[in-house]
Amino acid sequence: MIELLDRLFIWLFLLFVSILLVLISILLPVTIHEREELRGAMFGYPIPFAQQDLMRNYGDYAVGYPHKFTISFGMLENVSSIYFYKNPFFFSVLIVYIGLLIIRYLHNRFLV
C-alpha cells in the first residue's frame, strides 16, 4: 500500500512539474519573421498554446526581421490580450509528462 502511494505521489509530482514547465515556456522568446506576424504571435512549447497581438505594443517598433519577441503582459495598461487555447496546452503538458515519465523510467532502470 505504501509503495502504491509513493508511485501515486511521484506521478502527481511529475504532472505538477509538467504543468509548471509548460506554463513557464510562454516566457521564452519566439522569432517573428515579418511585421504582419505580430498580430498573432504564438507562445508556449512544445506546442504553442498562447496567442497575443503584439502589434498593439510593438507596431511602431522599427527593427529588422527576423527578430525575437517575448510575451507582453501589459501590467500598466490593465488590459490583457493573451488568449489561451486549452487543447494545445493539454497536449503540451501531456508531451512533457510522458517525457518526464520516460526519464524517470530510464533513471530507475539503469542508474539505480
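Before reading on, note that the structure itself is shown above.
Cut-offs and rules
- Residues numbered from 1 in each chain as written.
- Predicted model: local features only at pLDDT ≥ 70, side-chain atom pairs only at ≥ 80, totals over all residues.
- Heavy atoms only, no water.
- Phe/Tyr/Trp six-rings, centres within 6.5 Å; stacked < 30°, edge-to-face > 60°.
- Helix = DSSP H or I, 4+ residues; strand = E, 2+ residues; numbered from the N terminus.
- Buried < 20%, exposed > 50% of the residue type's maximum accessible area, 1.4 Å probe, protein only.
- Expected span 1.5 Å × (residues − 1).
- Contact = heavy atoms within 4.5 Å.
- Pairing = 2+ DSSP bridges.
- Axes fitted to C-alpha atoms, helices over the stretch in contact; angles between N-to-C directions.

A. Fine view of the packing of aromatic side chains. As enumerated under the stated definition, the model contains 5 aromatic pairs in all. The interplanar angle of 20° and the centroid separation of 6.4 Å between the aromatic rings of F9 and F13 together place this pair among those described as stacked. Of this pair, F9 and F13 both sit in helix α1 (residues 2–24), 4 residues apart, which is roughly one turn of that helix. Residue classification places F13 among the partly exposed residues on the basis of a relative accessible area of 45%. Among the aromatic residues, those joined into a cluster by ring pairs are F49, F84 and F89.

B. Representation of helix α3 (residues 86–110) in the model. If you check α3, its first and last C-alpha atoms are 36 Å apart, about what 25 residues at 1.5 Å a residue would give, namely 36 Å. Residues S92, V93, V96, Y97 and L100 constitute the buried set of α3. On its buried face, α3 sits against α1.

C. Geometry of the sheet that holds strand β2 (residues 41–43). Reading across the sheet, the 3 strands line up as β2-β3-β5 and stay open at both edges, with antiparallel pairing between neighbours. Both edges of this open sheet fall to β2 and β5 (82–84), since each of them pairs with a single strand only. The sheet shows a mean angle of 25° between the axes of neighbouring strands, taken without regard to direction. Strand direction decides the pairing type here: β2 and strand β3 (residues 50–52), joined by 3 bridges, are antiparallel.

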